[in-house]
Amino acid sequence: MDFRTEIAAALSASAKTPAAELCAMLETPPNPEMGDYALPCFKLAKSMKKAPSAIAAQLKSESVFPGFVSRAEAAGGYLNFFIDRAVFVREALLPVLALGASFGSSNEGNGRAVCIDYSSINIAKPFHIGHLSSTVIGHALYNIFNFLGYKAVGINHLGDWGTQFGKLIVAFRRWGSKEEIENGGVRAMLEIYARFHDEAEQDDSLNDEARAAFKAIEDGDPDALALFDWFRALTLKEVQRVYDLLGVTFDSYAGESFYNDKMQPVVDELLEKGLLELDDGASVVRFPEEDNMPPCLILRSDGATLYATRDIAAAFYRKAAYDFAKSLYVVAYQQNLHFRQVFRVIELMGRPWAKDLVHVAFGMVSTADGTLSTRKGKVVFLEDVLKESIEKTRAIMMEKSPDLAGMDRIAKEVGVGALVFSTLSAARIKDIVFDWDRALNFEGETGPYCQYTHARCCSLLARAEYDPAAEVDYSLITDPESVEVARLLHAFPAAVKAACEKYEPFIITRFVVDLAQAFNRFYLAHRILGEPRNVQNARLALTACARRVIATGLTLLGIAAPEKM
RNA sequence: GCGCCUGUAGCUCAGCAGGAUAGAGCAACGGCCUUCUAAGCCGUAGGUCCCGGGUUCGAAUCCCUGCAGGCGCGCCA
């Protein structure tokens, strides 16, 4: 039952306005005491040639409202509607009880593919906190799109090409040892890479050597290629530990090197369509005046391809391979111009699906003592942060619940969840200054708080031996705290939809916090266990629904919902 | 210089297809565990919604001008 639609239909005749229009006008009053829905009558003043307050009174007296409207009240220029609380609570809880884990999901995607390019780490470089945003935003969107009936395709667009690999090979041949790299992983690679830069400042011939080494990779020289593959494999093995902790997966690891043989057709087509122009020896695509963008560089003056060339080729490949309905790029906003250019070039090439390419931009991550910089050694490894968070969680658990079974697993779920949750708690465009104390705060609007509330629900349901089949008397949970929980449950599907449409996982994060807060208020205000049978049953049903939706929300965000903690 | 983004409580952020007294959390202070998980709950205090114009019955929200900060602007990715 949709309350809004029915209220709007009831008003339509008296207001002489289409129901759909009235439905869009209906809003939620700022305070529940003012009603559940409100119609502001100001806009009707012109067409009805009356004062808003008079309109509200007239609509009230002339309309016949559905039975679930217990009261309609004109207040100022508003007409407020009060829904029968037992009906409202029942309508809110029934779908959750009936659908369980699929409550909030839908089939609107109809199986269409949505490519999501996220995380996209660089080979032989550290996986640091700067990569956390892309990784967890992308992963959450992956879950959300699947939940709404799409077929998400997770793509880790690896940074596995470029002259830096020539440098690394030279550095390794001069100063590296197989054993050190094997044991030290990316940190050891960074060390010899840094040494290369130091020594190359004195001896420029090293740079020539590096260029030659990279050329050797390109030409398929077996020795160079073997080293390159080795660096790649070692890095992937190392980052896999972090992905395992985060529970993040990918369907494709096709990175930059994958597109090496796929760029020529793009260049050919650009030439053929007369889009390519020579400028200072480089080949560029110029944009129409109204685009107000600098040209997009396609080929360097030495004929080498560039970042944009590769991304255009990648977009073509993904369209052909997956026939996506949308293709998302979860990449920091620094690359705003780059993606505007790439998308526009594809549009100029006559591909209507260019409109389905979306840059899901997010803010910069920095540390208080300066921006992240691999060179300056200020880099904070993601794995270190995750481990620290897990350790802190374990310490808290040792204090609060030392006998809990499965401590290791729970400490991992809570410690990791805290970081994921905090990364997903603000609009993605906001910059983040990484702060250990804030990242490891487990109180207030945090992941552990929501997980704790979930565990609290589980504990109640287990103690009461809750029977989902027991009949529920909804008239027993019409107190303000219960109704507030019900109101949020009712709003969950819309929150998921909004998160998907806006590519904003934080909408779900906030929703889960709100629900957890509402449940905790309910919990503190009302006893559940040991109440009369029918009261206990009704409150347990509410608890079961809250637990279910908190768990679903957390799962969508990529966060575990342990039953005990 | 040009373009994009951000500016709301001491701090971190919601609210911004205009609506009724601007909301949370953290930090501070004061309460609540001999009954359901205190990683919790309640209360107190804290705001020129960056400034100035405009549109509107009504602006934190829309438009314009400024200011401050971030990012970007050809052969890196």
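As shown above, the structure is provided for reference.
Residues numbered from 1 in each chain as written. Chains lettered and ligands numbered in written order. Predicted model: local features only at pLDDT ≥ 70, side-chain atom pairs only at ≥ 80, totals over all residues. Heavy atoms only, no water.

S.K.: Just to check I follow, could you spell out the overall build of chain A for this structure?
M.R.: When you go through chain A residue by residue, the secondary structure sums to 20 helices and 13 strands. Sorting the 565 residues of chain A into buried and exposed places 54% on the buried side. For chain A, the exposed area adds up to about 25800 Å²; of that, 51% sits on carbon and sulfur atoms. Here chain A contributes 61 positively and 74 negatively charged side chains, and the mean placements of these two sets differ by 5 Å. (Helix = DSSP H or I, 4+ residues; strand = E, 2+ residues; numbered from the N terminus. Buried < 20%, exposed > 50% of the residue type's maximum accessible area, 1.4 Å probe, protein only. Areas by Shrake-Rupley, 256 points an atom, 1.4 Å probe, with all protein chains shown as cover. Lys, Arg positive; Asp, Glu negative; His and termini not counted. Charge placed at Lys NZ, Arg CZ, Asp CG, Glu CD.)

S.K.: Can you help me understand the packing of aromatic side chains in this one?
M.R.: By the definition in use, this model includes 30 aromatic pairs. Each ring, one from Tyr 118 and one from Phe 250, has its centre 4.8 Å from the other, and the planes form 35°; the classification is tilted. Here Tyr 118 is found in the loop between β4 (113-117) and α6 (132-147), whereas its partner Phe 250 is found in the loop between α10 (222-246) and α11 (264-272), with 132 residues between them in sequence. An angle of 65° between the planes, with centres 5.5 Å apart, marks the rings of Phe 250 and Tyr 253 as edge-to-face. Taking the relative accessible area as the measure of exposure, Phe 250 reaches 11% and is therefore buried. (Phe/Tyr/Trp six-rings, centres within 6.5 Å; stacked < 30°, edge-to-face > 60°.)

S.K.: Help me understand the nonpolar core, please; the structure alone is not making it clear to me.
M.R.: For soluble globular proteins, nonpolar side chains are generally found buried alongside one another. The biggest cluster of nonpolar side chains holds 158 residues, and the ones touching the most others in it are Leu 39, Phe 81, Leu 93, Ile 116 and Phe 145. The element contributing the most residues to this core is helix α20 (residues 533-557), with twelve residues. Here Phe 81 is in contact with Ile 7, Leu 11, Leu 26, Gly 35, Asp 36, Tyr 37, Leu 39, Phe 65, Val 69, Arg 71 and Ala 72, once residues within four sequence places are set aside. With 32 residues, the next largest nonpolar core counts Cys 115, Val 267, Met 293 and Ile 298 among its residues. (Core = buried A, V, L, I, M, F, W, Y, C linked by side-chain atoms within 4.5 Å. Contact = heavy atoms within 4.5 Å.)

S.K.: How should I be thinking about the pairing of strand β7 (residues 282-285) in this particular structure?
M.R.: Within a regular beta strand, the side chains point alternately toward one face of the sheet and then the other, so they alternate between its two faces. The alternating pattern of β7 places Ala 282 and Val 284 on one face and Ser 283 and Val 285 on the opposite face, and all of these are buried. Pairing of strand β6 (residues 276-279) with β7, which is carried by four bridges, proceeds in the antiparallel orientation. Considered in β7, the bridge of Leu 278 is made with Ser 283. Alignment of β7 against strand β8 (residues 296-299), held across three bridges, turns out to be antiparallel. Residue pairing across strands places Val 284 opposite Leu 297, the latter belonging to β8. (Pairing = 2+ DSSP bridges.)

S.K.: Teacher, can you tell me more about the sheet that holds β6 here?
M.R.: Strands in a sheet are paired, the pairing made by backbone hydrogen bonds, and the direction either parallel or antiparallel. Taken in spatial order, the three strands make up an open sheet running β6-β7-β8, and their pairing is antiparallel. Two strands close off the open sheet at either side, each with one partner strand: β6 and β8. When strand polarity is set aside, the average angle formed by the axes of neighbouring strands in this sheet is 45°. (Axes fitted to C-alpha atoms, helices over the stretch in contact; angles between N-to-C directions.)

S.K.: Honestly, the side chain of Glu 91 in this entry has me stumped. Any pointers?
M.R.: Relative to the elements of secondary structure, Glu 91 occurs in helix α5 (residues 85-99). For Glu 91, a relative accessible area of 16% translates into the label buried. Apart from the residues lying within four places of it in its own chain, the contact partners of Glu 91 are Met 1 and Phe 3.

S.K.: Could you clarify how one ought to interpret the protein's contact with RNA strand B in this entry?
M.R.: Contacts to RNA strand B come from 64 residues, most closely from Tyr 78, Glu 256, Arg 300, Lys 400 and Tyr 452. At 3.2 Å from a base nitrogen of RNA strand B is found a main-chain nitrogen or oxygen belonging to Ile 528. Take Leu 529: an N or O atom from its main chain is 2.9 Å from a base oxygen of RNA strand B. Of all elements in the fold, only β3 (78-83), β7, α13 (336-348), α14 (382-400), α17 (447-464) and α19 (506-525) reach the threshold of two or more residues within the surface near RNA strand B. Residue composition of the surface near RNA strand B, grouped by class: 33 nonpolar, twelve polar and 19 charged. (Near = heavy atom within 4 Å. Polar contact = N/O pair within 3.5 Å; in protein donor to acceptor, adjacent residues only side chain to side chain. Nonpolar A, V, L, I, M, F, W, Y, C, P; charged D, E, K, R; others polar.)

S.K.: Would you mind going over the side chain of Arg 310 with me for this structure?
M.R.: Looking at the element boundaries, Arg 310 is found in helix α12 (residues 307-322). Although buried, Arg 310 forms no salt bridge, and the nearest oppositely charged side chain, Glu 256, lies 4.9 Å from it. Discounting residues that sit within four places of it in the chain, Arg 310 has contacts with Trp 161, Glu 256, Ser 257, Tyr 259, Asn 260, Met 263 and Thr 305. (Salt bridge = Lys/Arg side-chain N within 4 Å of Asp/Glu carboxyl O.)

S.K.: Looking at this model, I keep getting lost on the pairing of strand β10 (residues 357-362). Mind explaining?
M.R.: Counting buried positions over the six residues of β10 gives six, a clear majority of the element. Neither face of β10 is left uncovered, since the one carrying Leu 357, His 359 and Ala 361 and the one carrying Val 358, Val 360 and Phe 362 both have all their residues buried. Where strand β9 (residues 326-332) lies against β10, six bridges are found, and the strand directions are parallel. In the sheet register, Tyr 329 faces β10, and the bridge partner there is His 359. Assessed by its sense of winding, the connection that carries the chain from β9 through α13 to β10 is right-handed. (Right-handed = clockwise from strand over helix to strand, strands pointing away.)

S.K.: Can you help me understand the sheet that holds strand β2 (residues 69-75) in this one?
M.R.: Taken in spatial order, the three strands of this open sheet run β1-β3-β2, and their pairing is antiparallel. Looking along the sheet, the strands with just one partner apiece sit at the ends: β1 (37-40) and β2. Each strand of the sheet is rotated relative to its neighbour by a mean of 15°, with strand direction disregarded. Relative to β3, helix α1 (residues 3-15) is tilted by about 130°, and along the sheet it contacts β1, β2 and β3.

Functional significance is not addressed by these values, which are geometric in nature.
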